[in-house]
Amino acid sequence: MDAARRAVCQDDPFNPLITTGTQASCMLVISHFFHLVLKPLGQPGPIAQILAGLVLGPSMLSRIDKVGNFFIQASSEAYYQLFSFIFRVLFVFLIGLETDIPYLRRNLRQASIIAYGGVITCVIFGAAIAAFVIIQLNVITEKFYLVIITMVILANSASPAVIRLAAELKFGTSDVGRLAICSSLINEMSCVIFFSVYLACTSKKLFGAAMLGLFCVVGLIVLNMYLANWSNRRNQNQKYVSNAEVLLILSLLVGVSMLIEAYGFHSTLCCFLAGMMFPREGKTARTLRHKLSYAVYNFILPVYFGYMGFLFDVSDLRKLEIFIIVVVMILLSFGGRIIGTLVACHYLKMPRNEGVILAFILNLKGHADLLMVEIISQQVIAHWDPTIYRLLIVIIVLNTVIAGPVVAYILRKDEKFFAHSHTALEQHDPDTELRMLSCVYGSRQMTGVIGLVSALSGLQIAPIFPYLIHLVELPKRRKTNLMYHELEDGDQYSDEEDYGGNDVVEINDAVDAFTKETKILIHQVKVVSSFSTIFEEVCNNAEDSRVSIIFLPFHKHQRIDGQMESGKEGIRTTNQKILRHAPCSVGILVDRGQTGFQLVVSERVQPVATLFFGGPDDREALACSKRIASHPRINMTLIRFLPASCIDQKVQIDDAPHGDDEVLMAISNHETEMEMDNASVEEFYNRYVTRGQVGYVEKQVENGLQTVEALRELAEMYSLFIVGKGGRGPCHMTTGMSDWEECPELGTVGDLLASSDFNINGSVLVIQRHRHSSKDLLDD
């Protein structure tokens, strides 16, 4: 026994598990160092992780005998394969779980044309270069396998690399980024299916195994639906489902994937379908996203990309024939992708610069490519020269290393073109997707937020992409003499996940109930910060998510007796800062949930009024009303306030700047605003009023006093009032209304409607159009 143990230790002086863990740890450390160095240069994280693997691999450090003997061991190969398999299962399942299915369904034709445009040209070029490789490397057996694997490698696009690169460069929420992600998914899954079908057709045994695998995938999807619903019911009063339930779901996924892999097939498609078909509403999906996202994006993918670099050996390029083949294959890979993608974009009438960036980002390799090479190596490459295996690995790694920096360079060069453009609703087509961000501080504000999301969804013909941020004030540290173990739960050193208290459970329940009823998925984020910096978090999230409007809760809330009571002053200060710095339009909701606007349900029709006085903010409020007007359970009325006499339509000279040129400019600007107001109202009237969807009322008033009286007449008639904040310039219709203004952030009319003294029952939504310059800020 001792002799055998000594023999094993002599053959294997290092524990393979320790070797594998050390290798992963070194990759993480080195990749973080490279990321810190390369991030200011605009280089994405996957490039730093691949470089870390290059440094650790046989190209550099592993060339040292002691380092190479430690990291490169025959006994470690099984551990590498096991961890690689589990990592692959988890991140592909997460990709499916996070796939934007409504967007994919709406843009399936466009994404497919772009994906297959590049695939067709790359397949043609791959077949041509395969013949050249066969001659150069003198391949005698299994030539057709080499042709197939070469075509697939050139044609494939690694969706995990595309998703991670898009997230790192912060254009994953843009139209180009989302289209690239969908195209890469279609591209990769098509290559996987083609390769799997090819293997199945070459063997009757594999064909039967394919049918068994298909049956297992369908069974797993059905079982996941049952488990998700069961877990949601079992954990109704909890934030998340238990770890045991998560482990059960993931164990079933890994088990089915192992069964499929045992028969020589890819489990990629199985994991992706299982994630994509997993029920999105409820605590189970939220828990899986929460637990998997951190592990995948911070540990699994960095190690996976690092292992790609670790496989690369620069010594393979020393041979002239290998170097020539590598250069030609990379040129054909990029050339084929660029040609095919540009032709597809020309057919779809897309800008050329979008086609170029799509071509480069779709040329990222690394996921299915490595799997296919591994399967071929187990079945065929044993008859080939090992140089062919290393050649294919070099092609995969160099494609990604080259494509990543090129994409980063293009994005930095054309930053304005790819920047957030839908910053206001006025220029936004109401038939296209609306991206909105709603903020809440507690469960009390969820009624109004969900009501707005429901109303803006309209008939669901125009898609909506809602985000919800739960803002939690970071408590100040308190000095205490108690030891850590003596603190009560939720005290000073609580984890960030505990911030928010029971509001988290109530907010999640409200979102889940809304999603179950409307099938509209709300994407949730929790931000824990002090009031001095919360506005920065909101603005950054709005810009990264590329939303067109932010909805904020008013700092006052309605009491049981119907009166408005002030909350934390920090909420009001945050609202004011967001109004000044927001990268898009902003709406403040004064929620009177007891008597005002509520969730739009099929049993009740809610009356809504849009008050139009004129100016950019009112035009933005009118644009917001276009979305709400199409909802079948909302009865909307546009109420336009007009001056009672022609004198009121002119700018008062005494109030204008001195000097003829300045007076003429002021009058010209005022006339231009009136023309824009009339055009907006006319377009809204022709589209909605003439069809009977919206009512229309004109009220002529002479001064602020008459405006107040007119508003009092409307106080009990509507559950929601929509009005612009201000920016109207000199306006006689609101003269004197600001003398007792209490909340300037709501504007003159909004402040009056929100006042407890005015005593209305309806909620109030005050809209501010995106301010493009400091001059716009002075208009308030």
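Presented here is an overview of the structure given in this document. (Residues numbered from 1 in each chain as written. Predicted model: local features only at pLDDT ≥ 70, side-chain atom pairs only at ≥ 80, totals over all residues. Heavy atoms only, no water.)

1. Some remarks on the overall build of the protein chain
- Looking only at helices and strands, the protein chain features 28 helices and twelve strands.
- Counting over 780 residues, the protein chain shows a buried share of 55%.
- Taking contacts inside the protein chain between residues at least 6 apart in sequence as the whole, the part at least 24 apart equals 82%.
- For the protein chain, the accessible surface area stands at approximately 35800 Å², while carbon and sulfur atoms represent 58% of it. (Helix = DSSP H or I, 4+ residues; strand = E, 2+ residues; numbered from the N terminus. Buried < 20%, exposed > 50% of the residue type's maximum accessible area, 1.4 Å probe, protein only. Contact = heavy atoms within 4.5 Å. Areas by Shrake-Rupley, 256 points an atom, 1.4 Å probe, with all protein chains shown as cover.)

2. Overview of the nonpolar core
- If you look at the biggest cluster of nonpolar residues, it comprises 125 residues, and the most contacted ones within it are F93, I149, I361 and V407.
- The contact partners of I361, leaving out residues within four places of it in the chain, are S157, V162, L165, F171, A180 and V407.
- In terms of nonpolar packing, the next biggest core, distinct from the first, is built from 52 residues, Y441, A542, A582 and A715 among them. (Core = buried A, V, L, I, M, F, W, Y, C linked by side-chain atoms within 4.5 Å.)

3. Here we look at a nonpolar patch on the surface
- A cluster of nonpolar side chains, contributed by L320, F323, I324, V327 and L331, occupies part of the molecular surface with about 470 Å² of accessible area.
- Secondary-structure assignment places L331 in helix 15 (residues 320-347). (Patch = residues over 30% accessible without salt bridge, like charges linked within 9 Å, V, L, I, M, F, W, Y side chains within 5 Å. Salt bridge = Lys/Arg side-chain N within 4 Å of Asp/Glu carboxyl O.)

4. Overview of the pattern of salt bridges
- Tallied over the entire structure, the rule returns 17 salt bridges.
- Here R286 makes a salt bridge to D512, at a shortest N to O gap of 2.6 Å. Within this pair, whereas R286 is found in helix 14 (residues 283-311), its partner D512 is found in helix 21 (residues 503-518), the two being separated by 226 residues in sequence.
- With a closest N to O distance of 2.9 Å, K568 and E473 form a salt bridge. With K568 in the loop between strand 6 (564-566) and helix 23 (569-581) and E473 in strand 2 (residues 464-473), the pair connects residues that are 95 residues apart, well separated along the chain.
- Looking at E473, the relative accessible area reads 34%, which means it is partly exposed.
- Through salt bridges with shared partners, a single network forms among D100, R106, R178, E433 and R435.

5. A word on unusual backbone geometry
- Its identity is not glycine, yet K170 carries a phi of approximately 60°, on the positive side.
- Within the secondary structure, K170 is located in the loop between helix 9 (159-168) and helix 10 (175-201).
- Relative accessible area serves as the criterion here: at 53%, K170 is assigned to the exposed category.
- The residue R546 is not glycine, and still its phi comes out positive at about 55°.
- Of note, R546 is situated in the loop between helix 22 (534-545) and strand 4 (549-553).
- The exposure class assigned to R546 is buried, which follows from its relative accessible area of 12%.

6. Notes on the side chain of T610
- Along the chain, T610 falls in strand 8 (residues 606-612).
- For T610, the side chain forms a polar contact with the side chain of S625, separated by 2.7 Å.
- For T610, the residues in contact, after removing those within four places along its chain, are A621, L622, S625, M636, T637, L638, I639 and I722. (Polar contact = N/O pair within 3.5 Å; in protein donor to acceptor, adjacent residues only side chain to side chain.)

7. Brief notes about the sheet that holds strand 11 (residues 720-724)
- Strand order in the open sheet formed by ten strands is 3-2-1-4-7-12-11-8-9-10, with mixed pairing between adjacent strands. Here the strands that pair on one side only, and so sit at the sheet edges, are strand 3 (523-529) and strand 10 (694-701). Pairwise comparison of adjacent strand axes, ignoring direction, gives a mean angle of 20° for this sheet.
- Both strand 7 (residues 585-590) and strand 12 (residues 763-768) contribute to a ladder of five bridges, which runs antiparallel. Across the sheet, V590 pairs through a bridge with V764, a residue of strand 12. (Pairing = 2+ DSSP bridges. Axes fitted to C-alpha atoms, helices over the stretch in contact; angles between N-to-C directions.)

8. Section: the pairing of strand 1 (residues 434-440)
- Taking burial as the measure, the seven residues of strand 1 include seven buried ones, the bulk of the element.
- Bridge count for strand 1 against strand 2 is seven bridges, and the pairing is parallel. Across the sheet, V440 pairs through a bridge with H470, a residue of strand 2.
- Note: strand 1 against strand 4, three bridges, orientation parallel. Bridge pairing links L437 to I550 in strand 4.

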